[in-house]
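What follows is the residue order along each chain.
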Amino acid sequence: MSTSRTSIQSLFQPFQGAPLSLSNRIVMAPMTRSHSPNGIPGDNVAGYYRRRAENGVGLIVTEGTTINHPAASGDTNIPNFHDEKALEGWAQVVKEVHEAGGKIIPQIWHQGILRSEGQGPHPQAPSASPSGLNLAGEKVSEPLSVDEIQSIVKAFAQAAADAKRIGFDGIELHGAHGYLIDEFLWEQTNQRTDEYGGDLVKRTRFAAEVVRACREAVGPDFPIVFRISQWKTSFYDAKLATDSEQLNQLLQPLVEAGVDIFHCSTRRFWVPEFEGSDLTFAGWVKKLTGKPTITVGSVGLDNDFINGFMGNDAGTKDMDELTDRLEQGQFDLVAVGRALLVDPAWAAKIREGRFDELLPFTPASFGTLS
Ligand SMILES: Cc1cc2nc3c(=O)[nH]c(=O)nc-3n(C[C@H](O)[C@H](O)[C@H](O)COP(=O)(O)O)c2cc1C
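Definitions and limits used
- Residues numbered from 1 in each chain as written.
- Predicted model: local features only at pLDDT ≥ 70, side-chain atom pairs only at ≥ 80, totals over all residues.
- Heavy atoms only, no water.
- Helix = DSSP H or I, 4+ residues; strand = E, 2+ residues; numbered from the N terminus.
- Buried < 20%, exposed > 50% of the residue type's maximum accessible area, 1.4 Å probe, protein only.
- 1 Å grid on protein atoms, 1.4 Å probe; cavity = no way out; pocket = protein on both sides within 12 Å on 5 of 7 lines; lining within 4 Å.
- Points joined across faces, edges and corners; volume = space filled by probe spheres on them.
- Nonpolar A, V, L, I, M, F, W, Y, C, P; charged D, E, K, R; others polar.
- Near = heavy atom within 4 Å.
- Polar contact = N/O pair within 3.5 Å; in protein donor to acceptor, adjacent residues only side chain to side chain.
- Areas by Shrake-Rupley, 256 points an atom, 1.4 Å probe, with all protein chains shown as cover.
- Sits in = over half its atoms within 2 Å of the grid points.
- Pairing = 2+ DSSP bridges.
- Axes fitted to C-alpha atoms, helices over the stretch in contact; angles between N-to-C directions.
- Core = buried A, V, L, I, M, F, W, Y, C linked by side-chain atoms within 4.5 Å.
- Contact = heavy atoms within 4.5 Å.
- Expected span 1.5 Å × (residues − 1).
- Bend = angle between axes of the 7 residues up to and from the residue.

Enquirer: Account for unusual backbone geometry, with residues named and values stated.
Expert: Both trends apply: most residues other than glycine have a negative phi, and most peptide bonds are in trans. The step from Ala 18 to Pro 19 runs through a cis peptide bond, and the omega angle for that step is 0°. Here Pro 19 shows up in the loop between strand 1 (15-17) and strand 2 (20-22). One non-glycine residue with positive phi stands out, namely Asn 38, at about 55°. Inspection of the secondary structure assignment puts Asn 38 in the loop between strand 3 (26-28) and helix 2 (43-54). Relative accessible area serves as the criterion here: at 62%, Asn 38 is assigned to the exposed category. The phi torsion at Ser 298 lies on the positive side, around 65°, for a residue other than glycine. Relative to the elements of secondary structure, Ser 298 occurs in the loop between strand 9 (293-296) and helix 9 (305-309). We classify Ser 298 as buried; its relative accessible area is 8%.

Structural data, given as structure tokens:
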């Protein structure tokens, strides 16, 4: 790998974006592990995150962890964020990451219609979605009632309050990839005619209520990150916004509700988002909102993560384009997924210029990662 050591140092400048301060720009992307039997994160989970913190990751975003709603999770091995024992497990994770000098926020999640029906801690509960539609737009269940929507908003807020109480450094709301919050944002899955549906701005109502309820639960100084994506699981060309004007309409209600940082999920961080400009998704979101952004997608690797799920390897790739765009101020933070999954020491190796020691990503290693 040919990245110059001078440019790499821009990744290791401190970040101060009120209310979050970090020792460097490297963020561990949220990655579901399903290694928490009965929803309780144990010592293995604490050790897994501690190893990344010890090796110099600036901020860890945990795997998605589910709110207190019967249809939030379709997998009993996904850690939850409401049972007393699960929260005790998370408190231990926080303690170990902090002892290693790191910072950590949980990714708060409701799986919506992407939950595996009949699976998870409450298999009898029907999966939840705004209009009872799956991501293909097919009717598969009943729309959520307004009462139930409001109980889900409260469950998000409770998770935010618990995150603060047990010592996390903020929260990330999973508003991306076709899960529940995103299903309200996306026209294909939100066909409601009440106050939670309608045009683009009206479709932001649920997300904005979640953000506002979380903000009220944690106060002004506790960081709230919102993860957003144009693409949806299995629908990689989907778009919430087809131009910057639409993107602006979508983002402003979320800013007003209290988002501090946007985590802009793409599969390849360098791809321009709209015609006629070189700006990427994270670049546009930063420009339109004035808020710090996190970029993500194939950092340090030569193949995107969907290719990874399809069983393809990814080799290492230089990082000059990444550091150029970081130095131009297109984004503030850089999330790294698979490279940190296969190699807990990835950040330390990058900082020290040990590029020839970086590990390629192989899907075969998924089951053995620690
Ligand atoms: C095994 C695996 C699990 C993932 N789980 C989540 C998740 O729980 N929440 C989420 O928002 N994204 C999830 N993602 C997406 C990653 O956060 C990240 O956006 C994606 O892997 C692209 O980054 P990369 O190219 O550096 O791997 C997952 C990705 C992988 C590979």
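Text resumes after the structure shown.
Enquirer: A description of the layout of surface pockets should follow, citing residues and the corresponding values.
Expert: Roughly 920 Å³ of volume is contained in the largest pocket. Contributing to the lining of the largest pocket are 38 residues, with Pro 30, Met 31, Thr 32, Phe 305 and Phe 309 lying nearest its centre. Taken together, the residues that form the lining of the largest pocket break down as 20 nonpolar, 14 polar and four charged. In this structure, the second largest pocket occupies an estimated 280 Å³ of space.

Enquirer: Explain the site of the ligand to me, using residue names and the numbers behind them.
Expert: Among the 18 residues in the neighbourhood of the ligand, the closest are listed as Pro 30, Thr 32, Arg 227, Ser 298 and Arg 338. Within the side chain of His 174, an N or O atom sits 3.1 Å from an oxygen atom of the ligand. In the environment of the ligand, an oxygen atom lies 2.8 Å from a nitrogen or oxygen atom belonging to the side chain of Arg 338. Protein contact buries 94% of the 610 Å² of open area that the ligand shows by itself. With respect to the pocket detection grid, the ligand is positioned in the largest pocket. Elements that contribute at least two residues to the shell around the ligand include exactly strand 6 (171-177) and helix 9. Looking at side-chain class alone, the shell around the ligand contains eight nonpolar, eight polar and two charged residues.

Enquirer: Mind laying out the sheet that holds strand 5 (residues 104-109), listing which residues take part and the relevant values?
Expert: With parallel pairing, eight strands are arranged side by side around a closed barrel as 3-4-5-6-7-8-9-10. Averaged over neighbouring strand pairs, the angle between their axes works out to 25° when direction is ignored. Strand direction decides the pairing type here: strand 4 (residues 59-66) and strand 5, joined by five bridges, are parallel. Within strand 5, the residue paired with Ile 60 across the bridge is Ile 104.

Enquirer: Which residues make up the nonpolar core, and what are the values?
Expert: Among the nonpolar cores identified, the biggest contains 99 residues, and Phe 206 and Trp 346 are the most heavily contacted of them. Looking at this core element by element, the count peaks at nine residues for helix 4 (residues 146-165). Apart from residues no more than four positions distant in its own chain, Trp 346 is found in contact with Ile 26, Val 299, Met 319, Val 336, Ala 339, Leu 340 and Leu 358. Counting 14 residues, the second-largest nonpolar core is a separate cluster that includes Phe 15, Leu 22, Ala 29 and Leu 59.

Enquirer: Could you give me a rundown of helix 7 (residues 244-257), with the residues and numbers involved?
Expert: The terminal C-alpha atoms of helix 7 lie 20 Å apart, and with 14 residues this matches the ideal 20 Å at 1.5 Å per residue to within 8%. The sharpest bend along helix 7 measures roughly 25° and falls at Leu 251, with the proline Pro 253 sitting one to four residues further on. For helix 7, the set of buried residues is Leu 247, Leu 250, Leu 251, Pro 253, Leu 254, Val 255 and Ala 257. On its buried side, helix 7 packs onto helix 5 (180-185), helix 6 (205-218), strand 7 (224-232), strand 8 (261-265) and helix 8 (281-289). Put simply, Asp 243 is the residue that caps the front of helix 7, since its side-chain oxygen is 3.2 Å from the backbone nitrogen of Glu 245. Positive backbone phi, at 125°, marks Gly 258, one or two positions downstream of helix 7.

Enquirer: An account of the pairing of strand 10 (residues 333-336) is needed here, citing residue identities and associated values.
Expert: Along strand 10, one buried face is formed by Leu 333 and Ala 335 and the opposite face, lined by Val 334 and Val 336, is buried too. The pairing of strand 3 with strand 10 spans three bridges and is parallel. What sits directly across from Ile 26, in strand 10, is Val 334. The pairing of strand 9 with strand 10 spans three bridges and is classified as parallel. By the bridge assignment for strand 10, Ile 294 is matched with Leu 333.

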